[in-house]
Amino acid sequence: MTEHHPPPPSPPSTGRLRALLPDLTPWHASADFRRMWLAGLVTVFGSFLTFIAVPLQLKDLTGSALAVGAVGAVELVPLIVFGLYGGALADAMDRRKLILWTEAGLGVLSAMLLLNTLLPHPMIWPLYVVAALVSALTGLQRPALQAIVPRIVAHDQLPAAIALNSMRWQAGAIAGPSAAGVIIAFSGLSCAYALDVASYAVSVLLTLRLAPSPASHDADKPSLRGILEGARYAWSRKELLGTYAIDMAAMFFAFPTAIFPFLADDLDARWALGLMYAAGAVGSLGVSLTSGWVSRVNRHGRMVVYAAAGWGLAMAVAGWMHNIWLVLLFLAAAGACDTVSGLFRSAIWDQTIPDELRGRLAGIELLSYSVGPQLGQVRAGGMAALTNVRTSVWAGGLACVASVGLLAASLPKLMSYDQRTDEHAVRMRERKAAAGQDSVTEAA
């Protein structure tokens, strides 16, 4: 009889390295997750092309910084209104259909930008109209995009899926703007818009292959009453309130990207402005590429608090530094902390919120991580005008640390949250196990 020997164990260093690498289990286990991941990758890349092209085109057409800044103003209200309504829609209709139709609509809007650019004399008003409509469709779509993930990924794989989605976004946040500068410089705005249209075409084709994701049979029609029901549920869950409040506080006090051009001038490093905008995404991508440890953490609430405080502290140190390379280093560290906080916020949301409320709560989440940065830009600019650029950055960072500490002290349920014992997480795990979702996955 031939004797069989087990393979030699991997060296300890190899095992530690593998433990840091992203957990690809959701990618291998769910074909729908792969399709959504790929669709999101091409869409994120194309969207960043337009994200750079629109303000640049407005600058060329108007020469006004106020006109460029007004784009954010026309985007905010549609995002709030349609984000809440989109959450109610995600609970009341097939989530796949909602994603598909909004994705197609976003592609049409990109085509409108392309057509306007091809005119002999491009018009200004379509840029604002399209920006508002894109914000509205994004508000409708994002809750469905978030709410569908727990349906296509096993419960215990959700942290890994969130990390993979974060890595996809960060890769687009680095590659998209970098490519946009080259594409626009050598091929013009029309080429950037055309590539965005093409990215939506690819995304729609991939979304068509997703399995249907219908609403529950007893789902109510979208209504103000339904939205308020979701808000009451969020209010009853103090750990959820903590994730929303901490994220909004962190973004309000320590999101100074609007004054980066002035900070670059203060550092006598105007050449590094693009690097300052990209540094946070580089730090975030670093976390995503080494996110294998995420699935082994159970005290998600504490990680949200610690990472949000780390974000504020890194921003404060960046404001104190006078060397551009140290500033970039701490901006990257801030981006890494923000991603850690985001990963564990999403894990709490996806592992504890009932499926029948998932869309409406995703609409509330959309507001928590979208409104904060908008208001943070106003805070940073106003404080810089009253004091100076550096004070705005470091004082905002310290205010972030203080506010996170106060919120953590006033919301003990967030600090004590443990996915192994939390009643909502246990209930969700049992429901999915009873439905067979943890044991049955779609074939590759």
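Rules behind the numbers
- By convention here, each chain's residues receive numbers from 1 onward along its written sequence.
- Where local features are concerned, this predicted model is filtered to residues with pLDDT of at least 70; where side-chain atom pairs are given and counted, the filter is 80 or more; whole-chain, interface and lining totals use all residues.
- Note: side-chain values were computed over all heavy atoms of the structure, leaving out hydrogens and water.
- Here a salt bridge means any side-chain nitrogen of Lys or Arg lying within 4 Å of a carboxyl oxygen belonging to Asp or Glu.
- A run of DSSP states H or I qualifies as a helix once it reaches four residues; a run of E qualifies as a strand once it reaches two. Both are numbered from the N-terminal end.
- For a helix, the expected span equals 1.5 Å multiplied by the number of residues minus one.
- For the exposure calls, accessible area comes from a 1.4 Å probe over protein chains only, and a residue counts as buried if that area is under 20% of its type's maximum, exposed if over 50%, partly exposed in between.
- This arc is taken over the directions from the axis of the helix to the C-beta atoms.
- Should any heavy atoms of two residues lie within 4.5 Å, those residues are considered in contact.
- Pairs of N or O atoms within 3.5 Å make up the polar contacts considered here, provided that, within protein, one atom can donate a hydrogen while the other can accept it, and that residues adjacent in sequence are counted only when both atoms are side-chain atoms.
- Neither His nor the chain ends contribute to the count of charged residues, in which Lys and Arg are positive and Asp and Glu negative.
- Paired rings are identified among Phe, Tyr and Trp, the last through its six-membered ring, by centres lying within 6.5 Å, and are further divided according to the angle between planes into stacked (under 30 degrees), edge-to-face (over 60) and tilted (the rest).
- Criterion for a charge above a ring: Arg CZ or Lys NZ at most 6 Å from the ring centre, at most 35 degrees from the ring normal.
- pLDDT: the predictor's confidence for each residue, scored from 0 to 100.

Asker: Can you tell me about the pattern of salt bridges, naming the residues and giving the values?
Answerer: In a structure, side chains of opposite charge can pair up when their charged atoms sit close to one another. Scanning all chains against the criterion turns up nine salt bridges. Here Arg390 makes a salt bridge to Asp266, at a shortest N to O gap of 2.8 Å. Remark: Asp266 occurs in helix H11 (residues 260–266) and Arg390 occurs in helix H16 (residues 389–410); sequence separation between them is 124 residues. Each of Asp91, Arg95, Glu229 and Arg360 takes part in salt bridges that share partners, so that together they form one network.

Asker: Which residues make up helix H18 (residues 423–434), and what are the values?
Answerer: When the terminal C-alpha atoms of H18 are compared, their 16 Å separation across 12 residues agrees well with the 16 Å that a helix rising 1.5 Å per residue should span. Taken together, the buried positions of H18 are occupied by His424, Ala425, Met428 and Lys432. Angular distribution of buried residues about the axis of H18 spans 100°; they occupy a single face of the element. Facing away from the buried surface of H18 by more than 90 degrees, the exposed residues are Glu423, Glu430 and Ala434. For H18, the elements touching its buried residues are helix H6 (125–152), helix H9 (224–236), helix H10 (238–253) and helix H14 (324–352). One side-chain oxygen at the N-terminal end of H18 lies 3.0 Å from the backbone nitrogen of His424; it belongs to Asp422.

Asker: Break down the side chain of Glu103 for me, with residues and values.
Answerer: Note that Glu103 resides in helix H5 (residues 95–118). Nearest to the buried, unbridged Glu103 among oppositely charged side chains is Arg168, at 9.3 Å. For Glu103, the contacting residues outside a window of four places in its chain are Thr43, Gln141, Tyr200, Ser203 and Val204.

Asker: Break down the packing of aromatic side chains for me, citing the residues and quoting the values.
Answerer: Per the stated rule, a full pass over the model turns up six aromatic pairs. A centroid spacing of 5.5 Å and a plane angle of 90° characterise the contact between Trp27 and Trp37, whose relative ring orientation is edge-to-face. Placement of Trp27 in helix H2 (residues 25–29) and of Trp37 in helix H3 (residues 31–62) is noted, with a sequence separation of 10 residues between them. Owing to a relative accessible area of 26%, Trp27 belongs among the partly exposed residues under this scheme. Aromatic side chains Phe252 and Phe253 sit 4.9 Å apart centroid to centroid with 80° between the ring planes, which places their arrangement in the edge-to-face category. A relative accessible area of 25% means that Phe253 is categorised as partly exposed. For Lys238, the ring lying beneath its charged end belongs to Trp235, and the centroid distance is 4.2 Å.

Asker: Give me the lowdown on the confidence of the model for the protein chain, citing residues and values where you can.
Answerer: The predicted model of the protein chain averages 84 in pLDDT, with 91% of residues at 70 or higher. In this model residues 1–10 is a low-confidence stretch, pLDDT under 50, and it forms one contact with partners more than four residues away in sequence or in other chains. Taken together, the stretch residues 437–444 has pLDDT below 50 and engages in 16 contacts with residues farther than four places along the chain or on a different chain.

Asker: Break down the environment of Phe33 for me, with residues and values.
Answerer: Of note, Phe33 is situated in helix H3. Residues Phe33 and Pro122, spaced 89 residues apart in sequence, show a C-alpha to C-alpha distance of 40 Å. With residues up to four places along the chain from it excluded, the contact list for Phe33 reads Pro26, Trp27, Ile152, Val153, Ala161, Leu164 and Asn165.

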